[in-house]
Amino acid sequence: IFKDAISSFVDLTVAFVPKLIGCIIVLWIGFKLIKVLKKALTKLLEKRNAEGSLKTFLTSLVDVLLKVMLIIMAMDIIGIKATSFIAILGAAGLAVGMALQGTLQNFAGGVIILLLKPFKVGDYIEAGSYKGYVKEIRIFHTFIRPFNGRIIIVPNSELATKSLINHTKDPVIRLDVVASVAYGTDLDKAREVIMKVIEDDPLILKDPIPKVCVSELNNSSVDYSIWIWVK
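Source: prediction; values computed, not measured.

Draft legend 1. Spatial organisation of unusual backbone geometry. Cis rather than trans, the peptide bond between Asp207 and Pro208 has omega equal to 5 degrees. Along the chain, Pro208 falls in the loop between helix H6 (187-200) and strand S7 (211-217). A positive phi angle, close to 55 degrees, is found at Lys117, a residue other than glycine. For Lys117, the position within the fold is in the loop between helix H4 (101-116) and strand S1 (124-127).

This is the structure:
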């Protein structure tokens, strides 16, 4: 019985030791690669001027996910089946995802906004019924200050998935102004006066060339459309 036990132990050791060595090698190389990938991700986020909180959260999240995958791989190498463990993780992730669906959408929207930068702090944006200057961009919400001085807190999912207008993305914008004159007015003289006002205003750019033309004949007035470009 003792000899059989010794023989079984030797056979088990001979079969297990190579797997254990392989597992250790995979873990060592894997942790080194994860460290390199984490540094590369940090540099990429710094290059994109990502917010500090976003940078910390993303690097930590990637680090944890990669380490979990590495440990599952190592368990499989030494013969520990991780199927049940993966199923439990999947079920837990699904439950958490269902419970935090709206929050996760806002988080994903915040990541998209902070990485792709469709707008930044200080920009004047218009999204649906919201319009104002962007005061702060957080992971879940963006703070907008309209001209009335109040603060609008908008979920990031709305700003990331719906159309918006960024009025200050380009350094030069066109203003569309309407000027009305009474019927019987000398239209050429009216246009001459408007062009003189445009030429004398230092805030109006001369290139692109301003446009002034009659655009509509209303019941009680003739309307001029004035297109002027400003910084």
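Draft legend 2. Spatial organisation of the nonpolar core. Residues Ile113, Phe119, Ile125, Val134, Ile137 and Leu159 are the most contacted members of the largest nonpolar core, which totals 15 residues. In terms of residues, this core owes the most to one element, H4, which gives four residues. In terms of nonpolar packing, the next biggest core, distinct from the first, is built from 12 residues, Ile194, Ile204, Val212 and Ile228 among them.

Draft legend 3. The arrangement of the sheet that holds strand S2 (residues 130-137) in detail. Read across the open sheet, the five strands follow the order S4-S3-S2-S1-S5; overall the sheet is antiparallel. Pairing within the sheet leaves two strands with one partner each, and these edge strands are strand S4 (152-155) and strand S5 (165-166). Bridge analysis of S1 against S2 gives four bridges, and the strand direction is antiparallel. Paired with Ala127 across the two strands is Tyr130, which belongs to S2.

Draft legend 4. Spatial organisation of the packing of aromatic side chains. This structure, assessed with the given rule, holds three aromatic pairs. Seen from their ring centres, Tyr124 and Phe147 are 5.5 Å apart, and the 35 degrees between their planes marks the pair as tilted. In this pair, Tyr124 sits in strand S1 while Phe147 sits in the loop between strand S3 (141-145) and S4, placing the two residues 23 residues apart along the sequence. By relative accessible area, which is 66% here, Phe147 ends up exposed. Taking 6.0 Å as the distance between ring centres and 90 degrees as the angle between the ring planes, the aromatic pair formed by Tyr133 and Phe147 counts as edge-to-face. In this pair, Tyr133 sits in strand S2 while Phe147 sits in the loop between S3 and S4, placing the two residues 14 residues apart along the sequence. The class of Tyr133 is partly exposed, set by a relative accessible area of 36%. By way of ring pairs, the aromatic residues Tyr124, Tyr133 and Phe147 are connected into one cluster. Sitting over the face of the ring of Trp227, Arg174 holds its NZ or CZ atom 4.1 Å from the ring centroid.

Draft legend 5. Molecular detail of the pairing of S7. Pairing between S7 and strand S8 (residues 222-230): six bridges, direction antiparallel. Within S8, the residue paired with Leu217 across the bridge is Val222. Linking two consecutive strands that pair antiparallel, namely S7 and S8, is a turn of four residues.

What counts, and at which threshold
- Positions within a chain are numbered from 1, following the residues in the order the chain's sequence is written.
- This being a predicted model, a pLDDT of at least 70 is required before a residue's local features are given, and a value of 80 or more before pairs of side-chain atoms are given or counted; all residues contribute to the totals for chains, interfaces and linings.
- Note that the side-chain values use all heavy atoms of the structure and ignore hydrogens as well as water.
- Numbering goes from the N terminus for both helices and strands, where a helix is a DSSP run of H or I of at least four residues and a strand is a run of E of at least two.
- By convention a nonpolar core is built from buried Ala, Val, Leu, Ile, Met, Phe, Trp, Tyr and Cys residues, the set being connected through side-chain atoms within 4.5 Å.
- Burial status follows relative accessibility: with a 1.4 Å probe on protein chains alone, a residue under 20% of its type maximum counts as buried, one over 50% as exposed, and anything between as partly exposed.
- DSSP-based pairing: two strands are paired if at least 2 bridges between them are found.
- For Phe, Tyr and Trp, where Trp contributes only its six-membered ring, two rings pair if their centres lie within 6.5 Å, and the inter-plane angle classes them as stacked under 30 degrees, edge-to-face over 60, or tilted in between.
- A ring is scored as having a charge over it whenever the NZ atom of a lysine or the CZ atom of an arginine sits within 6 Å of its centre and within 35 degrees of its normal.

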